[in-house]
Amino acid sequence: MGKHQQPDVETSPPVSDEIRRTTCYMCACRCGINVHLKDGKVAYIEGNRDHPVNKGVLCAKGSAGIMQVNAPSRLRAPLKRVGPRGSGEFQEISWDEALEIATGWLAPIRKSAPEKLAFFTGRDQSQSFTSFWAQNFGTPNYAAHGGFCSVNMAAGGIYTMGGAFWEFGQPDWERTRLFLLFGVAEDHDSNPIKMGLGKLKAKGGKVIGINPIRSGYNAIADEWVGITPGTDGLFILALVHVLLKAGKIDLNYLARFTNAPCLVNNDPASADFGLLLRDTDGKLLVIDRASGKPVPFDQKGVQPDLAARFDQHGYTHRTVFQILAERYLDESHSPEAVAEKCGVTAGRIRAVAAEIARVAFDEAFELDQPWTDFRGDRHDKMPGRPVSFHAMRGISAHSNGFQTCRSLHLLQILLGTVEVPGGFRFKPPYPKPVSAHPTPHCHSKPDCPLDGPNLGFVRGPQDLALKDDGTPARIDKAFSWENPMSAHGLMHMVISNAHAGDPYRIDTLFLYMANMSWNSSMNTRGVMEMLTDKDENGDYVIPRIIYSDAYSSEMVAYADLILPDATYLERHDCISLLDRPICEADAAADAIRWPVIEPDRDVRGFQSVLVDLGARLDLPGFINEDGSAKYKDYADYMVRHERRPGIGPLAGFRGNGTETGRGAANPDQLGRYIENGGFFVEHVPEEAAFYKPWNTAYQDWAVGLGFFDKPQPYLFELYSEPLRRFQLAAEGQGERQPPEHLRERIRKTFDPLPIWYPPLEETEVDTKTYPVRALTQRPMAMYHSWGSQNAWLRQIHGRNPLYLPTRIWQTHGFAEGDWARVTSPHGEIIVPVAHMAGLNENTVWTWNAIGKRKGAWALEEDAPEATKGFLLNHLIHELLPPKGDGLRWSNSDPVTGQAAWFDLRVRIEKSPPPDEAQPSIDPQQSPVGQGPDKVLQKVRP
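Note that the structure is a prediction, hence the values are computed from the model and not measured.

(A) Spotlight on the overall build of the chain. Within the chain, the regular secondary structure consists of 25 helices and 34 strands. The C-alpha radius of gyration of the chain comes to 28 Å, within 12% of the 30 Å expected for a compact globule of 941 residues. Here the chain has roughly 32800 Å² of accessible surface; of this, 48% comes from carbon and sulfur atoms. When the 101 positive and 116 negative side-chain charges of the chain are each reduced to one mean point, those points stand 3 Å apart.

Take a look at the structure:
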């Protein structure tokens, strides 16, 4: 018998013949990825262990990126509409023809009235560049996704403390012991938060989730508070009440680092009534405890007195702290007073406050790290408080969201747990005071660039974007009296206002990655009708629509010209410190994407298309003095563009490749990034790691990297002067005053101290007829709309029920497999339902962006997303219910214009099961048709 022959088996076959490192695009975490290639095709995607964001961790979305570059829904070539708008009938054209058409439409506008172009971008990550393009075109009508999503969070944080959560900062995961999440779903910052939660729990820390819905992070929280939507501000201010009564606040922190000891002008005859007192140099005044006299807040050796009073000209001026304490110690803020509205018992509120106080003060600690503050005082140690917070869209997307976000920052600051060990830490280039940000500009002239940046942070009525006659200068009415502090614009109002001609008509709507005819709009059917509506002459009310996307989304059918984008593995992108960086609290970092594969279609990266259009249109920032194109493409722009001398889109490998932050352009910069894994990191010095707004070591480091041109230490603004300036205008002060019908709203909602008021829709809707609150949130495995056409991710979320709490489920006698009719003041849907016990008893919810329109995304018409999936958007309107005054009242936060998605009120009743979810919108024709039943890709020998 012959010798047994062991079979030759390769136990570890190579999955790839090359690995290229770049940055993920499947959500906004922007993790580092290793893209494995086999014969030039993507075979596998894994996390990059060396990357500062994810350290090798990768979620389902990131791994499924391979399905994005293979998706049958990818657009293949430029398209020109040949049928009626909305029909989806297109003709493929060349890029030369497409760019000639676009230039032919845009050039006359720029020559005559640049504001007739409305340029709005969706969830892209290149807003520094797109805003630069819009500014050079000369239109004031530019904004991105933020006003749709979480501008309340960003603006509330910047106006209060110079930054906010997520891209602005993070908990000190190494040292925090108690972590509270407010209104956080699973789609934002998911990998870093998951990693942080694991680290926190491994060390015995505690997590408290405050959210109407117990899913995702809240499902693993040690304690879940199922709060009533829109009442987070009440809950937070009740915590403030309890902590003040117990004396559990950090008085030293408040005196040294906030405007709590600053004096408030109490002279009602003064034009500065309610503003803070200043010296002749404009510096804020505090009373020094040693001398008892008013001195500048930043004077060396000053000991600000929180309890001081200052008599001048017959009036007694008190400190911010005294006014704050008087307000929040009032019994109207007690747990007993707010419990019923919050849906949380008074005892539970007091227990949460007690736990916060215990950890913040009983577990306080110090780091042996000397540092010097902005007054020149040297400190031997860095005191820490191990309590941290995080919040997102759940508290932001309400019409009271701005003040709610400010309330949460007030709570953090009172505890002294911002920028300290164990607390919330800013990520460079934050913190940035409001004074470090631009103001919005709106003065548009023919054939000229805009007079400054489109977006910014107003300091008062003088910065509003108004025409000479006082009407809004922007099509979305951002920075007008209707939404004065709208730092990110109002994307949800663009189409509605353009259709109504309010405040004026536009000529061209130019959108990028903004699925406005479906899941990225309120009043979905109404928006589709606006996009196709014609005037009495038979012309479209919105004359021209240019759209760019990588995929055949629902919006494609409504465009006149399609400029097809490349996927994220086929183009250059810049994750810039000028924009939406990937920094960590201990390091400044930026990153790139680069074409790790070449497109197999006639598509171009949208940013490179804008560079080309900029040159064709002779935009100043895109041409040389002789009129030739300044940049070859976006990659060239990324390397050679300078926003200020020596400051470009990328901070790493500048000059000769060794300079950081500031330095001349380096022709080999992109090559150096690619060699380094697609990113660059510069660590914060240890002495500068905490107390960043007041730490001279950090301020000097920030100047060196180009964040500032000089140190900019500042005080946290518990009391907001910009808000008070708008109140003063509403009270009749100043040259610019609001129209009469807005005076009372501004007086009420622009309080300089955080307040709570009922969501606006709640005050306009019969809550007995519509007693239930309805929410939509995004799942961890999806991000906006493009994930739900992904072959792998569809297996996780192919349909979405409406989740009902136990009380509503039992009251109406629902059973598994039932359907419900859901009605709002605006519309009606019929959808499948499911029971969920971990849910506020008067709230229903569903996943967003799962439902698709038939014909879109190359899905089959009977796909579960198109038949069982649905949108709550059909029930939400961009306008509030009519008040009978003939005015158009936006369904938005009156301070920032944040879309109030989460204020929706509905009623629920059982319904006979229909054949498919209602409303059933007619199928649309797609330029890419329907995908094959199977997609096979061989990546192994």
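(B) Main features of the packing of aromatic side chains. Per the stated rule, a full pass over the model turns up 46 aromatic pairs. A centroid spacing of 6.1 Å and a plane angle of 75 degrees characterise the contact between Phe129 and Phe622, whose relative ring orientation is edge-to-face. With Phe129 in helix H4 (residues 127-137) and Phe622 in the loop between helix H17 (606-616) and helix H18 (634-640), the pair connects residues that are 493 residues apart, well separated along the chain. For the pair shown, Phe129 and Phe622 are each scored as buried.

(C) Local environment of unusual backbone geometry. The peptide bond linking Tyr430 to Pro431 adopts the cis configuration, its omega dihedral lying at 15 degrees. Mapped onto the fold, Pro431 is located in the loop between strand E22 (424-426) and helix H15 (494-500). Between Gln918 and the following residue, Pro919, the backbone shows a cis peptide bond with an omega angle of 5 degrees. In the Ramachandran plot, Glu419 falls in the positive-phi region, its phi being about 60 degrees despite a non-glycine side chain. If you trace the backbone, Glu419 turns up in the loop between helix H14 (401-415) and E22. Accessibility expressed as a relative area gives 0% for Glu419, which makes it buried.

(D) Looking closely at the side chain of Arg256. Among the secondary structure elements, Arg256 is positioned in helix H9 (residues 251-257). When residues no more than four places from it in sequence are discounted, the contact partners of Arg256 are Val302, Asp373, Phe374, Arg375, Asp377, His379 and Leu715.

(E) How the structure looks around the nonpolar core. Judged by nonpolar contacts, the single largest core of 285 residues is most densely connected at Trp133, Leu180, Phe182, Phe235, Leu509, Phe510 and Leu569. The element contributing the most residues to this core is helix H8 (residues 232-246), with ten residues. If we ignore the near neighbours within four places in the chain, the residues touching Phe235 are Phe182, Ile210, Val225, Ile227, Cys342, Val344, Ile349 and Val352. With 13 residues, the next largest nonpolar core counts Val684, Ala688, Trp701 and Phe707 among its residues.

(F) Looking closely at the sheet that holds strand E9 (residues 178-182). Strands sit in the order E11-E10-E9-E21 across an open sheet of four strands; the sheet is parallel. Each of the sheet's edge strands pairs with one partner strand only, and the pair in question is strand E11 (223-225) and strand E21 (387-391). Between one strand axis and the next, the sheet turns by 15 degrees as a mean value, whatever way the strands run. Against the sheet, H14 makes contact with E9 and E21, and its axis sits at roughly 170 degrees relative to E21, the strand it touches most.

(G) Quick look at the pairing of strand E16 (residues 315-319). Relative to E16, strand E12 (residues 263-264) is paired through two bridges, and the arrangement is antiparallel. Within E16, the residue paired with Leu263 across the bridge is Thr319. With four bridges joining them, strand E15 (residues 309-312) and E16 adopt antiparallel strand pairing. Note on E16: the bridge partner recorded for Gln312 is Tyr315. Counted between consecutive antiparallel strands, the loop separating E15 from E16 contains two residues, among which His313 sits at a positive phi close to 55 degrees.

(H) Fine view of the pairing of strand E34 (residues 905-911). Two elements, strand E29 (residues 772-777) and E34, share two bridges in a ladder whose sense is antiparallel. From the neighbouring strand, Arg773 faces E34, where its bridge partner is Arg905. Alignment of strand E31 (residues 819-823) against E34, held across five bridges, turns out to be antiparallel. What sits directly across from Val822, in E34, is Ile908.

(I) Examining the side chain of Ser407 more closely. Following the sequence through the fold, Ser407 ends up in helix H14. What Ser407 contacts, discounting residues up to four positions off in sequence, is Ile236, Leu237, Pro754 and Ile755.

(J) Expanded view of helix H21 (residues 721-730). In terms of burial, H21 is a largely internal element, nine of the ten residues being buried. Turning to H21, its buried residues number three or more, namely Glu721, Pro722, Leu723, Arg724, Phe726, Gln727, Leu728, Ala729 and Ala730. In this structure, the buried residues of H21 make contact with helix H6 (151-161), H14 and helix H22 (740-749).

(K) Broad picture of the sheet that holds strand E2 (residues 32-38). Taking strand neighbours across the sheet as the criterion, the three strands line up as E1-E2-E3 in an open arrangement whose pairing is antiparallel. A single partner strand is all that each edge strand has here, and the edge strands are strand E1 (18-23) and strand E3 (41-47). Put simply, the sheet's adjacent strands are angled 30 degrees from each other on average, direction ignored. When E2 meets E3, the two strands line up antiparallel, connected through six bridges. Pairing of His36 across the sheet is with Tyr44, part of E3.

(L) Representation of the state of the cysteines in the model. One pass over the structure, following the stated rule, counts zero disulfides. Left without a disulfide partner, Cys31 is nearest to the cysteine sulfur of Cys29, which lies 4.8 Å away.

(M) Highlighting the pattern of salt bridges. The tally for this structure, following the rule as stated, stands at 61 salt bridges. Between Asp250 and Arg385 there is a salt bridge, with its nearest N and O atoms 3.0 Å apart. Linking Asp250 in the loop between H8 and H9 with Arg385 in the loop between strand E20 (382-384) and E21, this pair joins segments that are 135 residues apart in sequence. Put simply, Arg177, Lys206, Glu223, Arg348, Glu355, Arg358 and Glu363 are held in one network by salt bridges that share partners.

(N) Region of the structure containing the packing of H21 against H22. Two numbers describe how H21 lies on H22: the axes approach to 8 Å, and their chain directions differ by 145 degrees. Handedness of the crossing formed by H21 with H22: left-handed. Contacts between H21 and H22 involve Phe726, Gln727, Ala729 and Ala730 on the former and, on the latter, Arg743, Ile746 and Arg747. Its residues assigned to classes, the contact of H21 with H22 comprises four nonpolar, one polar and two charged.

(O) Examining the environment of Asp298 more closely. The residue Asp298 is located in the loop between strand E14 (294-296) and E15 in this model. With relative accessibility at 22%, the residue Asp298 sits in the partly exposed group. When the C-alpha atoms of Asp298 and Phe310 are compared, they prove to be 18 Å apart, with twelve residues separating the residues in sequence. Sequence-distant contacts of Asp298, that is, excluding residues within four places in its chain, are made with Lys283, Phe374 and Arg375.

(P) Fine view of the packing of H8 against helix H12 (residues 346-362). Between H8 and H12, the least distance of the axes is 9 Å, while the angle of their chain directions is 60 degrees. Relative to H12, the element H8 is oriented oblique. When the axes of H8 and H12 are compared, the crossing they make is right-handed. From H8, Phe235, Ala238, Leu239, Val242 and Leu243 reach across to H12, where they touch Ile349, Arg350, Val352, Ala353, Ile356 and Ala357. Along the lines of polarity and charge, the residues of the contact of H8 with H12 split into ten nonpolar, no polar and one charged.

(Q) Region of the structure containing the environment of Arg747. Assignment of secondary structure puts Arg747 in helix H22. The exposure class of Arg747 is partly exposed, given its relative accessible area of 32%. The sequence separation of Arg747 and Gln727 amounts to 20 residues, and the corresponding C-alpha distance is 5.0 Å. In contact with Arg747, not counting residues within four places along its chain, are Gln727, Ala730 and Glu731. Looking at Arg747, its side chain comes within polar contact range of the side chain of Glu744, at 2.9 Å.

Reading the values: rules and limits
- Residues numbered from 1 in each chain as written.
- Predicted model: local features only at pLDDT ≥ 70, side-chain atom pairs only at ≥ 80, totals over all residues.
- Heavy atoms only, no water.
- Helix = DSSP H or I, 4+ residues; strand = E, 2+ residues; numbered from the N terminus.
- Rg over C-alpha atoms; globule rule 2.2 N^0.38 Å.
- Areas by Shrake-Rupley, 256 points an atom, 1.4 Å probe, with all protein chains shown as cover.
- Lys, Arg positive; Asp, Glu negative; His and termini not counted.
- Charge placed at Lys NZ, Arg CZ, Asp CG, Glu CD.
- Phe/Tyr/Trp six-rings, centres within 6.5 Å; stacked < 30°, edge-to-face > 60°.
- Buried < 20%, exposed > 50% of the residue type's maximum accessible area, 1.4 Å probe, protein only.
- Contact = heavy atoms within 4.5 Å.
- Core = buried A, V, L, I, M, F, W, Y, C linked by side-chain atoms within 4.5 Å.
- Pairing = 2+ DSSP bridges.
- Axes fitted to C-alpha atoms, helices over the stretch in contact; angles between N-to-C directions.
- Disulfide = S-S within 2.5 Å.
- Salt bridge = Lys/Arg side-chain N within 4 Å of Asp/Glu carboxyl O.
- Left-handed = near helix turned anticlockwise from the far one by under 90°.
- Nonpolar A, V, L, I, M, F, W, Y, C, P; charged D, E, K, R; others polar.
- Parallel < 35°, antiparallel > 145°, perpendicular 65-115°, else oblique.
- Polar contact = N/O pair within 3.5 Å; in protein donor to acceptor, adjacent residues only side chain to side chain.

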